[in-house]
Amino acid sequence: MNEHQRHVKARQDILDGRTPEKRIIVHMEDLEEKKKREDEIKAERKRVNDRMDALKEAKTPWFCPECKKVMKKRLDNKMYRLYRHCFDCQVEFENKLRTEDKYKEWEEKKMLNNQLSYIKEQIESIDDWKEQSSKPFESLDQVGIKDVELQKEKWSQNTEKVEEMSNEALEELNKMKSEVEEKLNSLEV
Ligand SMILES: [Zn+2]
């Protein structure tokens, strides 16, 4: 039996569940050793590949992934590492942010000015109302009411009430007005 035949027999013995010849067992141990080494090599190769992938990730590509321009500026490298796009893309990004900020302020200013003109209108109409109710007799003469004394009494009560209500409303409106004005002054637009 030559070496090859011994191997064939040993393999058959193993497959059939028999114990193979002693010297073949040594050989089987060699095979196990070989497989272990192969696994180690495979594992090492995987480690190397992983490391390569990590390096690839860190390496600045030739083209900016955003604008597709060639990244050739010295600053492109730095910007890519920080923001994953080129220097120009970063400048554009920051400009856009600034523009949006201005736009937001501009919109707020518009809204506050609308509020302010509404509040001013309210204040004006309440002032008118006060003015009207403090001149009852004029109005009474105009509508030609005969029992003037009785009506005068009613009007003065009414005037007091109007005065009270309108002062309350005016106080509130003036507070709102100065709040809105303060906000408007704080805007830089
Ligand atoms: Zn770019």
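Residues numbered from 1 in each chain as written. Predicted model: local features only at pLDDT ≥ 70, side-chain atom pairs only at ≥ 80, totals over all residues.

Q: How do you make sense of unusual backbone geometry when you look at a structure like this?
A: Of note in the backbone geometry, Lys68 takes a positive phi value of approximately 65° without being a glycine. Topologically, Lys68 is positioned in the loop between helix H2 (22-58) and helix H3 (74-83). Accessibility expressed as a C-beta count within 10 Å gives 8 for Lys68, which makes it exposed. A positive phi is found at Arg84, a non-glycine position, where the angle reads about 65°. Along the polypeptide, Arg84 turns up in the loop between H3 and helix H4 (87-133). Accessibility expressed as a C-beta count within 10 Å gives 14 for Arg84, which makes it partly exposed. (Helix = DSSP H or I, 4+ residues; strand = E, 2+ residues; numbered from the N terminus. Buried ≥ 20, exposed ≤ 12 C-beta atoms within 10 Å, placed from the backbone.)

Q: Is there a simple way to explain the confidence of the model for the chain in this structure?
A: Detailed reading of the predicted model is not advised wherever pLDDT is low. Counting all residues, the mean pLDDT for the chain is 80, and 79% of those residues have values of 70 or more. The secondary structure element of the chain with the lowest average pLDDT is helix H5 (residues 136-143), at 55, and the one with the highest is H4, at 87. (pLDDT = per-residue confidence, 0-100.)

Q: What's the story with helix H1 (residues 3-15) in this structure? I'm lost.
A: Helical geometry: 3.6 residues make up each α-helical turn, so side chains three or four residues apart lie on a common side. Its 13 residues give H1 an end-to-end C-alpha distance of 18 Å, which sits within 8% of 18 Å, the value for a rise of 1.5 Å per residue. Looking one or two residues past H1, Gly17 carries a phi angle of roughly 85°, positive in sign. (Expected span 1.5 Å × (residues − 1).)

Q: Is there a simple way to think about the environment of Glu163 in this case?
A: Structurally, the position occupied by Glu163 is in helix H6 (residues 148-186). For the pair Glu163 and Lys130, spaced 33 residues apart in sequence, the C-alpha to C-alpha distance is 6.3 Å.

Q: Explain H3 to me, please; I cannot follow it from the model alone.
A: Among the residues of H3, those classed as buried are Asp76, Met79 and Tyr80. The buried side chains of H3 occupy one side of the element, clustering within an arc of 105° when seen end-on. Turned more than 90 degrees from where H3 packs its buried face, Arg74, Arg81 and Leu82 sit exposed. With its phi angle positive at about 65°, Arg84 sits one or two positions after the end of H3. (Arc of directions from axis to C-beta.)

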